[in-house]
Amino acid sequence: MEYLSTRNKKLSFNFKEIFLRGLAPEGGLFIPKNIKRYNKSEIQKLSKLSYTDLAIEIIFEFCNPEINKNILRNLIKKSYKDFNKKEVIDIKKLGNINLIELYHGPTLAFKDIAMQVLGNMYDELNISSSNKINIVVATSGDTGSAAIAALNDRKNINVFVLHPHNKISKIQRKIMTTIGSSNVYNIAIKGTFDDCQKIVKEMFADNTFREKINMSGVNSINWARIVCQIVYYFYSYFKFNNKKVNFVVPTGNFGDVFAGYVAKKMGLPIDKLIVATNENDILERVINTGEYKPGKVKPSLSPSMDVQISSNFERLLFYVLNEDDKKVLRFMNDLKSKGSFSLNQEQIDIIKEDFSAKKINDDETVEIIKKFSNDYGFIIDPHTATAVGASKVIKDNSEILVLGTAHPYKFLETVKMATSQEIETPKQIEHLMDKKEKYDILENKTTDIKNYILEKLS
Ligand SMILES: *Cc1c(COP(=O)(O)O)cnc(C)c1O
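The paragraphs below set out a description of the structure included in this document. Numbering of residues starts from 1 in every chain and runs along the sequence as written. The model is predicted, so local features are restricted to residues of pLDDT at least 70 and side-chain atom pairs to those at 80 or more, both for listing and for counting; the totals for chains, interfaces and linings are taken over all residues. Note that water and hydrogens are dropped before the side-chain values are worked out from all heavy atoms of the structure.

### Let's talk about the overall build of the protein chain
- Working definition: helices are DSSP H or I runs of at least four residues, strands are E runs of at least two. Numbering for both runs from the N terminus. The helix and strand inventory of the protein chain stands at 19 helices and 16 strands.
- All radius of gyration figures rest on C-alpha atoms, and the globule criterion is 2.2 Å times the number of residues raised to 0.38. Over its C-alpha atoms the protein chain spans a radius of gyration of 20 Å, differing by no more than 12% from the 23 Å that the globule rule assigns to 458 residues.
- Taken along its principal axes, the extent of the C-alpha atoms in the protein chain is 60 × 50 × 50 Å.
- Residue burial is assigned from relative accessible area. The probe radius is 1.4 Å, only protein chains are included, and a residue is buried under 20% of its type maximum, exposed over 50%, and partly exposed in between. Looking at the protein chain residue by residue over its 458 residues, the buried ones come to 62%.
- In the protein chain, 76% of the contacts between residues at least 6 apart in sequence involve partners at least 24 apart.
- Counting every atom, the protein chain has about 18200 Å² of accessible surface; 45% of that belongs to carbon and sulfur.
- Where the 66 positive side-chain charges of the protein chain centre and where its 56 negative ones centre are 2 Å apart. The contact rule is simple, with two residues in contact once any of their heavy atoms fall within 4.5 Å. Values of accessible area rely on a 1.4 Å probe in the Shrake-Rupley scheme; residue burial ignores everything except the protein chains shown. We count Lys and Arg on the positive side and Asp and Glu on the negative side, and we leave His and both chain ends out. Each charge is placed at NZ for Lys, CZ for Arg, CG for Asp and CD for Glu.

Okay, structure coming up:
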């Protein structure tokens, strides 16, 4: 499959190249040149498949021919064999909500679903066979743990994980920092997630540094992650065949919900994608008013959504602007020089054909967790709670599919405060509770992080 950059359509890459690089030259994001659109009978056939077989079909569309289908089949089976559910995800009906539980992987958040596949892709694409690879990843708590679980102890790969110091949950930090593998380095940055993401982007943009350390990335700007997330939109849609289906998605970097948009582009007849945000509401604002203006990150009870620079929105922008790379570049330059850009009414209307958005603040989040527990005896995590809250924008009687993005145990303090209930420790992480943590605290300065990495590699 051929890929281009959102900021320069003349550049052309194959899957292996975009997988390794993560970010396109000049700061653009990779996007497929053509997205396969299934017809009705093809979709009908897909609806009969198991989760892993469906994953094989869909992911193959995006990595053909760089990964052959037999290799992909083994890779996917290996990736999902240790999930707590045989069908990878689970769907529960709770009142008028259909909860899509995406958190049955090794680190209890939906990010495992893509990251486990990426870990195996590094091996299968033989990327790390000759040259040691250094993966640098920014995390708001869940990407880092999923990356570490997928990449620890792999040959010829080092992982450097940057998390915002004191701004993630204790369990999130523990899962990352107790791993004890010699190829994993945890760095707490004195700053926010946006600062961590900015450092990683600056390192990618520095060609000399990037090449020197053979740098690769697994943040949600890596297209391969989005591809893996398309699968559960199809899989869960098929449980409600022939009904009007809306997905409600707790959103930060716009990766997960963008996967839903690609599923729609591939022919899956989703009605609307509803973006749920916390008080870091840049996406709610851009969808409802057209203004994309990052503010200061406010720490919230749903830390994995504490994002103001929502990187994957650039991919949607590319489609909203009719795939005009020059226009995307102009918007992004405006963002850099003026601190914002604005969409006109026509562009907002295009977005609103597919998306709605609602912001849920911390007080509402706590209330939602409490009420859900009282009504259904079921505990949801604070991220999932924002989506349950945002589902109120759906006024008709269509099916509401809420993406459950994390296990409540990962945000124990908040959940206890809301419900006064204890939660059993999930068996995936029982063993790490008494282990010793290891991480370094560094200043929010790109040069400091570069020097740290170079020192560790010498
Ligand atoms: C990462 C994350 C999100 C946000 O996902 P994006 O792809 O960044 O929009 C939501 N909930 C949880 C639990 C997460 O870990």
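That shown, we press on.
### A look at the sheet that holds strand β5 (residues 97-101)
- Reading across from one edge, β4-β5-β15-β10-β11-β14 is the order of the 6 strands in this open sheet, with mixed pairing throughout. Strands with a single pairing partner mark the edges of an open sheet, and in this sheet they are β4 (90-94) and β14 (355-359). The sheet shows a mean angle of 25° between the axes of neighbouring strands, direction not considered.
- The pairing criterion is simple: DSSP has to find at least two bridges between the two strands. Note that strand β11 (residues 273-277) and β14 share 5 bridges and pair parallel. For helices, the fitted line uses only the C-alpha atoms of the stretch in contact; every axis is such a line through C-alpha atoms, and the angle between N-to-C directions lies from 0 to 180 degrees.

### A closer look at the packing of aromatic side chains
- Ring pairs are drawn from Phe, Tyr and Trp, using the six-membered ring of Trp, whenever the two centres fall within 6.5 Å, and their geometry is named by plane angle: stacked under 30 degrees, edge-to-face over 60, tilted for the rest. Counted by the stated rule, this structure contains 28 aromatic pairs.
- Taken together, a centroid distance of 4.7 Å and an interplanar angle of 10° make the contact between F160 and Y185 stacked. Of this pair, F160 sits in strand β7 (residues 157-164) while Y185 sits in strand β8 (residues 184-189), and the two are 25 residues apart along the sequence. There is no split in this pair, since F160 and Y185 are both buried.
- On the numbers, 5.7 Å between centres and 25° between planes, the contact of Y261 with F355 is stacked. Residue Y261 is located in helix α11 (residues 255-265), and its partner F355 is located in strand β14; the two are separated by 94 residues in the primary sequence.

### Structural notes on helix α15 (residues 345-354)
- For α15, the complete set of buried residues consists of Q347, I348, I351 and D354. Buried residues of α15, viewed axially, fall in a sector of 120°; they line one side. Turned more than 90 degrees away from the buried face of α15 sit Q345, E346 and E353, all of them exposed.
- Summarising the contacts, the buried residues of α15 are in contact with α11, β11, α12 (282-289), α13 (313-320), α14 (325-338) and β14. Taking the helix axis as origin, the arc is that swept by the directions to the C-beta atoms.

### Some details on the nonpolar core
- We call a set of buried Ala, Val, Leu, Ile, Met, Phe, Trp, Tyr and Cys residues a nonpolar core when their side-chain atoms join them within 4.5 Å. Counting residues in each nonpolar core, the largest one holds 110 residues, and the members touching the most others are Y233, F234 and F313.
- Ranked by residues supplied to this core, first place goes to helix α10 (residues 223-237) with 12 residues.
- Contacts of Y233, omitting those with residues within four sequence positions, involve F247, V249, D256, V257, A259, G260, A263, L268, I270, L273 and L403.
- Within the second largest apolar cluster, 24 residues are counted, among which are V136, F193, C196 and V200.

### Observations regarding the site of the ligand
- Neighbouring the ligand are 15 residues, the closest being K111, D142, G252, N253 and T405.
- A distance of 2.8 Å is found between an oxygen atom of the ligand and a backbone nitrogen or oxygen belonging to G252.
- In the environment of the ligand, a nitrogen atom lies 2.9 Å from a nitrogen or oxygen atom belonging to the side chain of T405. In this text, near means that some heavy atom of the residue lies within 4 Å of the molecule or strand in question. N or O atoms closer than or at 3.5 Å make up a polar contact, with two conditions inside protein: a donor-capable atom paired with an acceptor-capable one, and, for residues adjacent in sequence, both atoms drawn from side chains.

### Points about the packing of α11 against α13
- Interhelical geometry of α11 versus α13 gives an angle of 35° and a closest axis separation of 10 Å. When the axes of α11 and α13 are compared, the crossing they make is left-handed. Across from F258, Y261 and K265 in α11, the residues of α13 making contact are R315, L316 and Y319. Here a crossing is called left-handed whenever its near helix is offset anticlockwise from the far helix by less than a right angle, and right-handed whenever the offset is clockwise.

### Structural notes on the packing of α10 against α11
- One can describe the packing of α10 onto α11 by two numbers: an axis separation of 8 Å at closest approach and a directional angle of 65°. Remark: the crossing between α10 and α11 carries right-handed chirality. Of α11, the residues touching α10 (which contributes W223, I226, Q229, I230, Y232, Y233 and F234) are G255, D256, V257, F258, A259, G260, V262 and A263.
- A class-by-class count of the residues in the contact of α10 with α11 yields 11 nonpolar, 3 polar and 1 charged. Charged residues are taken to be Asp, Glu, Lys and Arg, nonpolar residues to be Ala, Val, Leu, Ile, Met, Phe, Trp, Tyr, Cys and Pro, and polar residues to be all remaining types, Gly included.

### Some points on the pattern of salt bridges
- A pairing counts as a salt bridge when a side-chain nitrogen of Lys or Arg comes within 4 Å of a carboxyl oxygen of Asp or Glu. Tallying each qualifying case throughout the model produces 25 salt bridges.
- With its nearest N and O atoms 3.9 Å apart, the salt bridge here joins E2 to K33. Note that E2 is positioned in the segment before β1 (3-5) and K33 in the loop between β3 (30-32) and α2 (40-46), a separation of 31 residues in sequence.
- When salt bridges with common partners are traced through the structure, they connect K85, D90, K92 and E101 into a single cluster.

### Observations regarding the sheet that holds β7
- Reading across the sheet, the 5 strands line up as β9-β6-β7-β8-β16 and stay open at both edges, with parallel pairing between neighbours. Two strands close off the open sheet at either side, each with one partner strand: β9 (215-216) and β16 (440-442).
- Bridge count between strand β6 (residues 133-138) and β7: 6 bridges; the pairing is parallel. By the bridge assignment for β7, I133 is matched with I157.
- Contacts from helix α8 (residues 193-205) reach β6, β7, β8 and β9, with the element oriented near 150° to β6.

### Side note on the pairing of strand β10 (residues 245-250)
- The element β10 is extensively covered by neighbouring structure, given that 6 of its 6 residues are classed as buried.
- Residues V245, F247 and V249 line one face of β10 and the alternating positions N246, V248 and P250 line the opposite face, and both faces are buried.
- Bridge count for β10 against strand β15 (residues 399-404) is 4 bridges, and the pairing is parallel. Looking across to β15, one finds that V248 is bridged to V402.
- Classification remark: right-handed applies to a crossover when, strands pointing away from the viewer, the course from the first strand over the helix to the second runs clockwise. Traced from β10 through α11 to β11, the parallel crossover comes out right-handed.

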